[in-house]
Structures are given as C-alpha cells and as structure tokens.
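Structural characterization, general
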Amino acid sequence: MSNDASSLTAQDLEFLRRPLHGFLSVAEGPVPPQPRPVWFEATAEGTIQLFTAPDSLKVRRLRRDPRASIVVAAPVGERERWLSVADRVSVESDGAHELCARLAARYWDLDDPARADDLAGILATEQIRLVIHPETVSRFTF
C-alpha cells in the first residue's frame, strides 16, 4: 500500500475513469461509517464528483461534517487493486444533471428503453453534486 497525500496520479485517474462502483463513507461522529455504492467521476483537476438528491442522508451528514472517503476496487477476475480518496467534500448546486447524464452513459446502455426511462426519471428530480477534494490518497496494487 502507498500513500501520496492530496494527489491522484495518471495511473489513478486511468483506473478511476473505468465504470467501477465506488463505496462512499461520510463522517458521522461516533457512528461507524456506512459505505454506500455510488457512481463517480474523476475530474481533470484531481477531484472526485458524484450526484445525489439534496435531501439524502449523506448530504445531511456532510452539511454537519464535510469529510468523506471513497474506495474503488478492481472487479473480481482482475489483479487486486484499490484506491481510497478522502477528505473535504463540497456540496455544489450546479452541474449535477450533466454529471448524471455522463455517468448514466458510462454505466448503462442508454439504447435500452428501460435505462433511458430510468435516466429521464432521475433528471426530472432535483440533484446536487458532491465533490471530494483529496487530502489523502491511498492505493494498493498487487
């Protein structure tokens, strides 16, 4: 395992641009983290962003304590590899629907009418963007 505080390498970004699920954990004082699988996007600026409903539990927790981490792992059948990014999260009111559309195209076959309808349903609701600003990056490659 290696740590490289606050920066994602080119290899990290290449890994994170794959359609993998991330597991997001938000801080909640004495309550143990409750990771949730999420879609995410690594940006050229080295942040990680995702979208969610503005009234979700993770947003309420982040408004109280803006720390979180996301862990992304290679799927079964590949050599073991994982990456963890952690620290401050900003809650952004802009760009969530565009992010959602990009991620849906990455994770789903939008030629499938059911998936296209699923996306339309998400886009019909209010969404916000969460941006993780890495302070700690840990990685493992076997």
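Residues numbered from 1 in each chain as written. Predicted model: local features only at pLDDT ≥ 70, side-chain atom pairs only at ≥ 80, totals over all residues. Heavy atoms only, no water.

A few points about unusual backbone geometry
- Even without a glycine there, the phi angle at aspartate 87 is positive, about 140°.
- Along the chain, the position of aspartate 87 falls in strand β7 (residues 81-92).
- Under the relative-accessibility criterion, aspartate 87 is labelled partly exposed at 28%. (Helix = DSSP H or I, 4+ residues; strand = E, 2+ residues; numbered from the N terminus. Buried < 20%, exposed > 50% of the residue type's maximum accessible area, 1.4 Å probe, protein only.)

Some thoughts on the pattern of salt bridges
- Per the counting criterion, the structure on display carries six salt bridges.
- Arginine 18 is the salt-bridge partner of glutamate 78, the closest N and O atoms lying 2.5 Å from each other. Here glutamate 78 is found in the loop between β6 (67-73) and β7, whereas its partner arginine 18 is found in the loop between α1 (10-16) and β2 (22-26), with 60 residues between them in sequence.
- Taking the relative accessible area as the measure of exposure, glutamate 78 reaches 35% and is therefore partly exposed.
- With a shortest N-O distance of 3.6 Å, aspartate 118 and arginine 115 are connected by a salt bridge. Taken together, the residues aspartate 118 and arginine 115, both in helix α4 (residues 113-123) and three residues apart, mark about one turn of the helix. (Salt bridge = Lys/Arg side-chain N within 4 Å of Asp/Glu carboxyl O.)

Some remarks on the pairing of strand β5 (residues 48-52)
- With respect to burial, β5 is a largely interior element, five of its five residues being buried.
- The two faces of β5 match: Ile48, Leu50 and Thr52 on one face and Gln49 and Phe51 on the other face are all buried.
- Summarising the sheet, strand β4 (residues 41-42) and β5 pair through two bridges and their orientation is antiparallel. Its bridge partner being in β5, alanine 42 is matched across the sheet by isoleucine 48.
- In this antiparallel pair of consecutive strands, β4 and β5, the connection spans five residues, and glycine 46 shows a positive phi of 90°.
- Bridge analysis of β5 against strand β8 (residues 128-132) gives five bridges, and the strand direction is antiparallel. Directly across from glutamine 49, in β8, lies its bridge partner valine 131. (Pairing = 2+ DSSP bridges.)

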